[in-house]
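# Coordinates in review
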Amino acid sequence: MNSRHAGRVPPSRVVTDSGVDHVRLAYHYLDTGDLDGYGSLLHAGALGADLERPPVPGTRHHITRIVADGDCVVAMGRLAPQQRDFVDVFTLSAEGMLRACSRYYGGPPLQSLSGR
């Protein structure tokens, strides 16, 4: 997988690995209510309501998988106590800071076609 921005040199593996660490720390900071710590991981001018929205008190992120390549980190997990699956897609800055994030929620299970 290449960077989503044609003509741009993808970040080094060190930057990508740093971004993964920042994603893990972001969830820790959000879960413990440390908004200053969370803010320290954001790139200046970070975009996206998902990065700016205050967390719901008592919410915990249980991360099940993180996949990273280039300037993209995808975290999959479950929110507790809501018991809701989510996928967060982060875009990293050239320094590995969190530039943008989009959150997607899992929907209800698909109905089986054989049950008709």
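As a starting point, this report considers the structure included with it. (Residues numbered from 1 in each chain as written. Predicted model: local features only at pLDDT ≥ 70, side-chain atom pairs only at ≥ 80, totals over all residues. Heavy atoms only, no water.)

### Structural notes on the pairing of strand E2 (residues 60–69)
- Pairing of E2 with strand E3 (residues 72–80), which is carried by 9 bridges, proceeds in the antiparallel orientation. Bridge pairing links Ala68 to Val73 in E3.
- Connecting E2 to the antiparallel partner E3 that follows it, the hairpin turn spans 2 residues, and Gly70 within it adopts a positive phi of roughly 60°. (Pairing = 2+ DSSP bridges. Helix = DSSP H or I, 4+ residues; strand = E, 2+ residues; numbered from the N terminus.)

### Let's talk about unusual backbone geometry
- Cis geometry marks the peptide bond from Ala80 to Pro81, where omega comes out at 10°.
- Note on placement: Pro81 falls in the loop between E3 and strand E4 (84–92).
- With phi around 55°, Gln83 is a residue other than glycine that occupies positive phi space.
- As for its position among the elements, Gln83 is in the loop between E3 and E4.
- Here Gln83 falls in the partly exposed class, since its relative accessible area comes to 46%. (Buried < 20%, exposed > 50% of the residue type's maximum accessible area, 1.4 Å probe, protein only.)

### Comments concerning the side chain of Asp88
- Looking at where Asp88 falls in the secondary structure, it is placed in strand E4.
- Engagement of the side chain of Asp88 in a polar contact is seen with the side chain of Arg103, the distance being 2.6 Å.
- Excluding residues that lie within four positions of it along the chain, Asp88 makes contacts with Tyr27, Val73, Val74, Ala75, Cys101, Ser102 and Arg103. (Polar contact = N/O pair within 3.5 Å; in protein donor to acceptor, adjacent residues only side chain to side chain. Contact = heavy atoms within 4.5 Å.)

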